[in-house]
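This is what each chain is made of:
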Amino acid sequence: INLNVEKGDVVSILGPSGTGKTTFLRCLNYLEQPDSGKLTIDDVSVDFSKISKDEVKRLRRKSTMVFQQFNLFRNKNVLENITEGLIYGYGKSASEAKDIAMEELKRVHMEDYAKMYPSELSGGMQQRVGIARALANDPKVLLSDEATSALDPETTIATLQLLKRINAELGVTIVMITHEMNVVKQICNRVAVMNLGEVVEEGDVIDI
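Here goes a summary of the coordinates provided.

### Things to note about the sheet that holds strand β8 (residues 198-204)
- Sheet architecture is open: 6 strands sit in the order β4-β5-β6-β1-β7-β8, paired in mixed fashion. Looking at which strands have only one partner, the edges of the open sheet turn out to be β4 (63-66) and β8. Each adjacent strand pair in this sheet contributes to an overall mean axis angle of 20 degrees, direction not counted.
- Taken together, the 5 bridges between strand β5 (residues 141-145) and strand β6 (residues 173-177) define a ladder with parallel strand orientation. Across the sheet, residue Val141 finds its bridge partner in β6, namely Thr173.
- Packing of helix α1 (residues 21-28) onto the sheet brings it into contact with β1 (10-14), β4, β5, β6 and β7 (190-195), and relative to β5 it is tilted by some 155 degrees.
- Contacting β4 and β5, helix α5 (residues 123-136) runs over the sheet at an angle of about 175 degrees to β4.

### Focus on the packing of aromatic side chains
- A full pass over the atoms with the stated rule returns 1 aromatic pair.
- With centroids separated by 6.0 Å and ring planes inclined at 10 degrees, the aromatic side chains of Tyr30 and Phe48 adopt a geometry described as stacked. Highlighted residues: Tyr30 in the loop between α1 and β2 (38-41) and Phe48 in the loop between β3 (44-47) and α2 (53-60), separated in sequence by 18 residues.

### Re the pairing of β5
- The element β5 is extensively covered by neighbouring structure, given that 5 of its 5 residues are classed as buried.
- Side-chain alternation along β5 places Val141, Leu143 and Asp145 on one buried face and Leu142 and Ser144 on a second face that is also buried.
- This β-α-β element, β5 to helix α6 (residues 153-170) to β6, shows right-handed connectivity.

### Here we look at the nonpolar core
- The biggest cluster of nonpolar side chains holds 39 residues, and the ones touching the most others in it are Leu105, Ile131, Met176 and Ile187.
- Counting only elements with at least two residues in this core, the list comes to β1, α3 (78-88), α4 (94-107), α5, α6, β6 and α7 (181-187).
- If you tally residues by element for this core, the top one is α5, at 6 residues.
- Setting aside its immediate chain neighbours within four residues, Leu105 contacts Val78, Leu79, Ile82, Met110, Glu111, Ala114 and Ala132.
- Phe24, Leu25, Tyr30 and Met65 belong to the second largest nonpolar core, which has 22 residues in total.

### Quick notes on the environment of Ile82
- Along the polypeptide, Ile82 turns up in helix α3.
- Overall, Ile82 belongs to the buried group, its relative accessible area being 2%.
- When the C-alpha positions of Ile82 and Lys98 are compared, they lie 8.3 Å apart, and in sequence the two are 16 residues distant.
- Ile82 has contacts with Ala101, Leu105, Val129, Ala132, Arg133 and Ala136, leaving out every residue within four places of it along the chain.

### Comments concerning the environment of Asn77
- Position of Asn77 relative to the elements: it lies in the loop between β4 and α3.
- Under the relative-accessibility criterion, Asn77 is labelled buried at 7%.
- The sequence separation of Asn77 and Ser119 amounts to 42 residues, and the corresponding C-alpha distance is 9.4 Å.
- Discounting chain neighbours no more than four positions away, the residues touching Asn77 are Ala114, Lys115, Met116 and Tyr117.
- A distance of 3.2 Å separates a polar atom in the side chain of Asn77 from the backbone nitrogen of Leu79.
- For Asn77, the side chain forms a polar contact with the main-chain nitrogen of Glu80, separated by 2.8 Å.

### Description of the pattern of salt bridges
- One pass over the structure, following the stated rule, counts 8 salt bridges.
- For the salt bridge of Arg26 with Glu32, the shortest nitrogen-to-oxygen distance reads 3.3 Å.
- Here Glu84 and Lys76 are joined by a salt bridge, their closest N and O atoms 4.0 Å apart.
- Taking the relative accessible area as the measure of exposure, Glu84 reaches 22% and is therefore partly exposed.
- Since its relative accessible area comes to 24%, Lys76 is described here as partly exposed.
- By sharing partners, the salt bridges in this structure join Asp42, Asp43 and Lys62 into a single network.

Conventions and cut-offs
Residues numbered from 1 in each chain as written. Predicted model: local features only at pLDDT ≥ 70, side-chain atom pairs only at ≥ 80, totals over all residues. Heavy atoms only, no water. Pairing = 2+ DSSP bridges. Helix = DSSP H or I, 4+ residues; strand = E, 2+ residues; numbered from the N terminus. Axes fitted to C-alpha atoms, helices over the stretch in contact; angles between N-to-C directions. Contact = heavy atoms within 4.5 Å. Phe/Tyr/Trp six-rings, centres within 6.5 Å; stacked < 30°, edge-to-face > 60°. Buried < 20%, exposed > 50% of the residue type's maximum accessible area, 1.4 Å probe, protein only. Right-handed = clockwise from strand over helix to strand, strands pointing away. Core = buried A, V, L, I, M, F, W, Y, C linked by side-chain atoms within 4.5 Å. Polar contact = N/O pair within 3.5 Å; in protein donor to acceptor, adjacent residues only side chain to side chain. Salt bridge = Lys/Arg side-chain N within 4 Å of Asp/Glu carboxyl O.

Next comes the structure, spelled out in structure tokens:
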């Protein structure tokens, strides 16, 4: 796969099920471990055939993932779901992590739910927490794996508007997987089409 994504782009990865979209996206964050190849995000470049633990850490600090099934800790409240990673993954103090978490919860209009647990929230609210958690790490790239596919149409629109606002206000580059063409038209400026594990076409949304 060869793919260039410019800073500030919102790119959708399209293609039939089983063609490798999610695997490719997970490779960008090293949740899936590629055998070889090179990846550059911002000022971090890695060669997967000889990547070190330090390079993995540096790479992961450049991008974060928003998942289809939210992947929140069920036994942690909303605030803890965000602060855990900041404290144990990024070495933030508890007070610093809380300040960052509340700032991001405010951005997604979830600050009033900080003490609630995932089981007490709707799917759309859980996804907002997932987005806040992803933004708390101050990523350059936000990776979204069918983040709206488990949501109803109205909540999908609201979530997309939120992602669009994040892209506009923070300049965060977004690479997303979706099967919904109306989603692509609403939020993306470029698309890449995958088939049988390869990018076979890429370009502006209208052209493709």
